[in-house]
Amino acid sequence: MAEQQYQGGCHCGGLRYEVDLDLDKGSLRCNCSLCGKSRAWFAFAPAEKFTLTSGEGAEIRYRWTPPNRPEPNLTYHICSMCGVRTHAEGRDPKGNAVVAVQVATLEGADPEVLARGIRYFDGRHDRFDREPENTAAL
């Protein structure tokens, strides 16, 4: 599958976006404190491939600094009306600007493609080079 444009948004429609993604490149589930509690599931895109089409200024932004990190990795965008987190912005390990789209907010994504491309990371132990021992609840 090649890169494709998707639309998505929160439950109430207050935050809407467009993003170009190649879902065959996979998605990410992490077991860090924040991701584990929110059951986060992200697909990443370069920042220039993401456009917030509505809701600018109507969202809550949240930043969390993981243990052993000097600063937050991502800034999360959450609808101030319905509470759904649609995406996060930050930098990849090479310093490039990226957007992490909450997969559950994508519209029209093929569930079979999504299911076969999930990668798990042990963020709880700051080990992004391996899967956590237990992925059942992620």
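Preceding this section is the structure that the text describes.
Nothing here was measured: the structure is a model prediction, and the numbers come from that model.

Participant: Just checking my understanding: could you explain the environment of Arg91 for this structure?
Facilitator: Relative to the helices and strands, Arg91 resides in strand 8 (residues 85-91). On a C-alpha basis, the gap between Arg91 and Gly117 in space is 22 Å, while along the polypeptide they are 26 residues apart. A polar side-chain atom of Arg91 sits 3.0 Å from the main-chain carbonyl oxygen of Gly95.

Participant: How should I be thinking about the packing of aromatic side chains in this particular structure?
Facilitator: For any two aromatic rings, the description comes down to two numbers: the centre-to-centre distance and the angle of the planes. In the structure shown here, the tally under the stated rule is four aromatic pairs. Here Tyr62 and Tyr76 contribute two aromatic rings whose centre-to-centre distance is 6.5 Å and whose plane-to-plane angle is 35°, an arrangement assigned as tilted. With Tyr62 in strand 6 (residues 59-63) and Tyr76 in strand 7 (residues 74-79), the pair connects residues that are 14 residues apart, well separated along the chain. Judged by its relative accessible area of 38%, Tyr62 falls in the partly exposed class. Relative accessible area serves as the criterion here: at 5%, Tyr76 is assigned to the buried category. Members of the aromatic cluster, connected to one another through ring pairs, are Phe42, Phe44, Tyr62 and Tyr76.

About the criteria used
Residues numbered from 1 in each chain as written. Predicted model: local features only at pLDDT ≥ 70, side-chain atom pairs only at ≥ 80, totals over all residues. Heavy atoms only, no water. Helix = DSSP H or I, 4+ residues; strand = E, 2+ residues; numbered from the N terminus. Polar contact = N/O pair within 3.5 Å; in protein donor to acceptor, adjacent residues only side chain to side chain. Phe/Tyr/Trp six-rings, centres within 6.5 Å; stacked < 30°, edge-to-face > 60°. Buried < 20%, exposed > 50% of the residue type's maximum accessible area, 1.4 Å probe, protein only.

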